[in-house]
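Structural features, examined
Chain by chain, the residues run as shown.
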Amino acid sequence: FEQHGEPELGYSSKTNYFEQENGDKFYHFGYQLVERGLYAIGLPVLKRGALLFPNDERILTELAHIFEELKLYREGKEALLQSHDLVQTSFIPRYLVVFYSIMMGDLNEAAHWFTGLDQLLASVPSEFMENYEFMYGNIKTMLERGKLISPHTSLDSFDLLGWNAVVNGNIVLHLSEYGIE
């Protein structure tokens, strides 16, 4: 890393990660790698951290972020659900499970995990409240659109127009070069 102008990453890469008392070093190294777009290197670091510290919210959400960037929503959801207690008690992990369920095309699962998200929102520290309320509103609206749209379209893996309406709230007014589906 030092040869490529990344001395901080060079130092972090030389740390002994086998005898850690908490997930701090895994999180910070993984975060540094993710911030530089080095997902392929950050992934094993954060997976190891999640294995050793399965209830560390920072590690799990950063690991889920890598999967999200790679459009691997199922893997992101599974990473978060390895700590069922955390998903039950913390807003961001629960929100991400709902979002990933939507992105996987499972509105029923998303609705299941959405239940109780409002109570977790109420316990968010005030400095985060505005952003989290915005996130909550977006996910709630996606689920509402899905409920309205689902009787009129298949919402299967081929229904690009339907999912575009659910996720983005758009109605496509032109034919895609890939066809109507």
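The structure contained in this document is the topic of the report that follows. Everything numeric in this text was worked out from a predicted model, so none of it was measured.

Points about the packing of aromatic side chains
Any pair of aromatic rings gets described here by the distance separating the centres and the angle formed by the planes. Using the criterion set out here, one finds 10 aromatic pairs in the structure. Both rings, one in phenylalanine 26 and one in phenylalanine 53, keep their centres 6.1 Å apart while their planes meet at 55°; by these two values the pair is tilted. Here phenylalanine 26, found in helix α2 (residues 24-35), pairs with phenylalanine 53, found in the loop between α3 (39-52) and α4 (57-69); they are 27 residues apart in sequence, far enough to count as distant. Neither residue differs from the other here; phenylalanine 26 and phenylalanine 53 are each classed as buried. When the centroid spacing of 6.5 Å and the interplanar angle of 5° are considered together, the rings of tyrosine 95 and phenylalanine 99 count as stacked. Within this pair, tyrosine 95 and its partner phenylalanine 99 are both found in helix α7 (residues 91-103), separated by four residues, close to a single helical turn. Each member of the pair, tyrosine 95 together with phenylalanine 99, is buried. Among the aromatic residues, ring-to-ring pairing joins Tyr73, Phe91, Tyr95, Phe99, Tyr100, Phe128 and Tyr132 into one connected group.

Points about the environment of glutamate 75
With respect to the element layout, glutamate 75 can be found in helix α5 (residues 73-81). Residue class for glutamate 75 comes out partly exposed when judged on its relative accessible area of 32%.

Examining unusual backbone geometry
Phi angles above zero are rare outside glycine, and lysine 71 is one such case at about 65°. Note that lysine 71 resides in the loop between α4 and α5. Since its relative accessible area comes to 56%, lysine 71 is described here as exposed.

Observations concerning the environment of aspartate 56
Inspection of the secondary structure assignment puts aspartate 56 in the loop between α3 and α4. For the pair aspartate 56 and serine 83, spaced 27 residues apart in the sequence, the C-alpha separation amounts to 8.7 Å. Polar contacts involving the side chain of aspartate 56 include one to the side chain of arginine 58, which spans 3.0 Å.

Observations concerning the packing of α5 against α7
With their axes 9 Å apart at the nearest point, α5 and α7 run at an angle of 150° to one another. When the axes of α5 and α7 are compared, the pair comes out roughly antiparallel. As for the relative orientation of α5 and α7, their crossing is left-handed in sense. Here α5 contributes Tyr73, Gly76, Lys77, Leu80 and Leu81 to the contact with α7, which in turn contributes Pro93, Leu96, Val97, Phe99, Tyr100, Ser101 and Met103. Residues that form the contact of α5 with α7 fall into these classes: nine nonpolar, two polar and one charged.

Quick word on the nonpolar core
If you look at the biggest cluster of nonpolar residues, it comprises 50 residues, and the most contacted ones within it are Leu80, Phe91, Val98, Ile102, Leu117 and Ile139. Examining the composition of this core, we find that nine residues originate from one element, α7, more than from any other. Excluding residues that lie within four positions of it along the chain, isoleucine 139 makes contacts with Tyr95, Val98, Phe99, Ile102, Phe114 and Leu117.

Remarks on the pattern of salt bridges
Enumeration over the complete set of coordinates arrives at three salt bridges. Taking the shortest distance from any N to any O, the salt bridge between aspartate 24 and arginine 58 comes out at 2.8 Å. With aspartate 24 in helix α2 and arginine 58 in helix α4, the pair connects residues that are 34 residues apart, well separated along the chain. For the salt bridge of glutamate 109 with lysine 77, the shortest nitrogen-to-oxygen distance reads 3.4 Å. Residue glutamate 109 is located in helix α8 (residues 107-114), and its partner lysine 77 is located in helix α5; the two are separated by 32 residues in the primary sequence. What emerges from the salt-bridge pattern is a single network uniting Asp24, Asp56 and Arg58.

Quick notes on the rules
- Residues numbered from 1 in each chain as written.
- Predicted model: local features only at pLDDT ≥ 70, side-chain atom pairs only at ≥ 80, totals over all residues.
- Heavy atoms only, no water.
- Phe/Tyr/Trp six-rings, centres within 6.5 Å; stacked < 30°, edge-to-face > 60°.
- Helix = DSSP H or I, 4+ residues; strand = E, 2+ residues; numbered from the N terminus.
- Buried < 20%, exposed > 50% of the residue type's maximum accessible area, 1.4 Å probe, protein only.
- Polar contact = N/O pair within 3.5 Å; in protein donor to acceptor, adjacent residues only side chain to side chain.
- Axes fitted to C-alpha atoms, helices over the stretch in contact; angles between N-to-C directions.
- Parallel < 35°, antiparallel > 145°, perpendicular 65-115°, else oblique.
- Left-handed = near helix turned anticlockwise from the far one by under 90°.
- Contact = heavy atoms within 4.5 Å.
- Nonpolar A, V, L, I, M, F, W, Y, C, P; charged D, E, K, R; others polar.
- Core = buried A, V, L, I, M, F, W, Y, C linked by side-chain atoms within 4.5 Å.
- Salt bridge = Lys/Arg side-chain N within 4 Å of Asp/Glu carboxyl O.

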